[in-house]
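Breakdown of the fold
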Amino acid sequence: MTPTADRVRLEPSWKQALEAEFDAPYMTELRTFLAAEKAKGQVIYPPGSEIFAALDRTPVDAVRVVILGQDPYHGPDQAHGLCFSVRPGIEIPPSLVNIFREIREDMGDPDVPGSRPEGRIGEDGHLIGWAEQGVLLLNSVLTVERGRAGSHRGRGWEQFTDRVIEIINDQREHVVFMLWGSYARQKGERVDRSRHCVLTAPHPSPLSAHRGFFGCRHFSMANRYLVEHGQPPIDWFRTS
């Protein structure tokens with residue numbers, strides 16, 4: 001359960017890029033915290049083998065889009081290491097329902113790269129198909145206690161994921177960063193806008209989606225940017 005470079009399931013390019021982080025004092029403190037929580041009988045999501053699933057599924061040199069969440073879902077069987085995604089067969093959370101709605105409305109134009117005017121999306125909330133296309137589905141905080149949203153904030157994960165963003169910013173070119181909500185915007189402040197595309201909008205939560213997430217057209221904008229820079233578009237309708 002504790003995050004060490006030799007124990008976790010982590011794709012080799014990320015394991016190498018983040019090796020120093022696993023040896024850093026803040027990560028030692030984080031390991032101690034997680035071990036203590038587990039010893040007290042706390043249930044922590046996602047399972048240890050899936051804490052780094054976003055990185056494991058999308059190698060450094062494959063990252064083309066970054067979608068940034070806050071922390072994992074805290075309900076049973078939901079979190080599996082990809083932000084906004086839930087396991088197959090689990091009810092789709094409201095924010096993801098709104099994301100799917102925006103995709104349907106945004107990608108129905110045949111002139112938009114990667115559009116599917118008749119495409120279907122929203123039957124399943126499992127987003128592994130995005131990860132396999134180079135969409136890094138990264139939460140800022142990678143663990144949470146069952147039933148307690150935000151319970152592992154301020155424990156060190158933010159520093160770790162800041163380093164992940166820094167690596168992408170420095171080592172990749174022409175990546176699209178989708179930053180939804182003030183928290184994600186602050187997290188992405190250091191992204192070099194001259195080398196990458198940064199798209200911002202309100203969070204897709206039902207509490208804020210009507211303030212500008214709906215109609216933001218981030219998915220078609222991302223695809224246009226990728227195509228303009230010699231990359232294939234993301235098939236946003238291929239989630240699983």
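This write-up is about the structure you can find in this document.

The rules behind the values
Residues numbered from 1 in each chain as written. Predicted model: local features only at pLDDT ≥ 70, side-chain atom pairs only at ≥ 80, totals over all residues. Heavy atoms only, no water. Axes fitted to C-alpha atoms, helices over the stretch in contact; angles between N-to-C directions. Helix = DSSP H or I, 4+ residues; strand = E, 2+ residues; numbered from the N terminus. Parallel < 35°, antiparallel > 145°, perpendicular 65-115°, else oblique. Left-handed = near helix turned anticlockwise from the far one by under 90°. Contact = heavy atoms within 4.5 Å. Nonpolar A, V, L, I, M, F, W, Y, C, P; charged D, E, K, R; others polar. 1 Å grid on protein atoms, 1.4 Å probe; cavity = no way out; pocket = protein on both sides within 12 Å on 5 of 7 lines; lining within 4 Å. Points joined across faces, edges and corners; volume = space filled by probe spheres on them. Core = buried A, V, L, I, M, F, W, Y, C linked by side-chain atoms within 4.5 Å. Buried < 20%, exposed > 50% of the residue type's maximum accessible area, 1.4 Å probe, protein only. Salt bridge = Lys/Arg side-chain N within 4 Å of Asp/Glu carboxyl O. Pairing = 2+ DSSP bridges.

Concerning the packing of helix α3 (residues 25-39) against helix α7 (residues 157-171)
At a minimum axis distance of 9 Å, the contact between α3 and α7 shows a crossing angle of 130°. By the angle class used here, α3 and α7 are oblique. In terms of crossing hand, the pair formed by α3 and α7 is left-handed. On α7, the residues that touch Tyr26, Met27, Leu30 and Leu34 of α3 are Trp157, Gln159 and Phe160. Considering only residue class, the contact of α3 with α7 consists of six nonpolar, one polar and no charged.

Quick look at empty space enclosed by the protein
Per the stated rule, a full pass over the model turns up one cavity of 30 Å³ or more. There is about 70 Å³ of room inside the largest cavity. Taken together, Pro46, Ile51, Phe52, Ala53, Ala54, Leu55, Pro72, Gly81, Leu137, Leu138, Asn139 and Leu142 form the lining of the largest cavity. Elements with a contribution of two residues or more to the lining of the largest cavity: α4 (53-57) and β3 (135-139). In terms of residue class, the lining of the largest cavity is made up of ten nonpolar, two polar and no charged.

With respect to unusual backbone geometry
Here the amide bond leading from Tyr45 into Pro46 is cis, since omega sits at -10°, within 30 degrees of zero. The backbone phi angle of Asp77 is positive, close to 65°, even though this residue is not glycine. Residue placement: Asp77 occurs in the loop between β2 (65-69) and α5 (94-106).

Some points on the nonpolar core
Trp14, Ile67, Trp130, Phe160 and Trp236 are the most contacted members of the largest nonpolar core, which totals 76 residues. The element best represented in this core is α7, accounting for six residues.

Observations concerning the layout of surface pockets
If you add up the space inside the largest pocket, you get close to 330 Å³. Looking at the largest pocket, it is lined by 20 residues, and the ones nearest its centre are Asp71, Pro72, Tyr73, Phe84 and His203. Partitioning the lining of the largest pocket into residue classes produces nine nonpolar, nine polar and two charged. In this structure, the second largest pocket occupies an estimated 220 Å³ of space. Forming the boundary of the second largest pocket are Gln159, Asp162, Arg163, Ile165, Glu166, Asn169, Gln186, Lys187, Glu189, Arg190 and Val191. Within the residue set of the lining of the second largest pocket, elements represented by two or more residues are α7 and α8 (182-187).

Remarks on the pattern of salt bridges
Counted under the stated rule, the structure contains ten salt bridges. When the shortest N-O distance is used, the salt bridge between Arg217 and Asp106 registers 2.7 Å. Of this pair, Arg217 sits in the loop between β6 (197-201) and α9 (218-228) while Asp106 sits in helix α5, and the two are 111 residues apart along the sequence. Owing to a relative accessible area of 32%, Arg217 belongs among the partly exposed residues under this scheme. Looking at Asp106, the relative accessible area reads 1%, which means it is buried. Between Lys187 and Asp162 there is a salt bridge whose closest N-O contact spans 2.8 Å. A residue pair is termed long-range when its members are at least 10 positions apart, and Lys187 in helix α8 and Asp162 in helix α7 qualify at 25 residues. Classification of Asp162 as partly exposed rests on a relative accessible area of 37%.

A look at α9
Inspection of α9 places His218, Phe219, Ser220, Ala222, Asn223, Tyr225 and Leu226 among the buried residues, and these make up the whole buried set. Elements that come into contact with the buried residues of α9 comprise β2, α5, β5 (176-180) and β6. A positive phi of about 75° marks Gly230, the residue just after α9.

Things to note about the sheet that holds β6
Across the sheet, which stays open at both edges, the four strands sit in the order β3-β2-β5-β6 with parallel pairing between neighbours. The open sheet has two edge strands, β3 and β6, and neither has a second partner. The sheet shows a mean angle of 20° between the axes of neighbouring strands, taken without regard to direction. With five bridges joining them, β5 and β6 adopt parallel strand pairing. When the sheet's bridge partners are listed, Val176 is paired in β6 with Cys197. Most of the contacts of α9 go to β5, to which it runs at about 165°, and overall it touches β2, β5 and β6.

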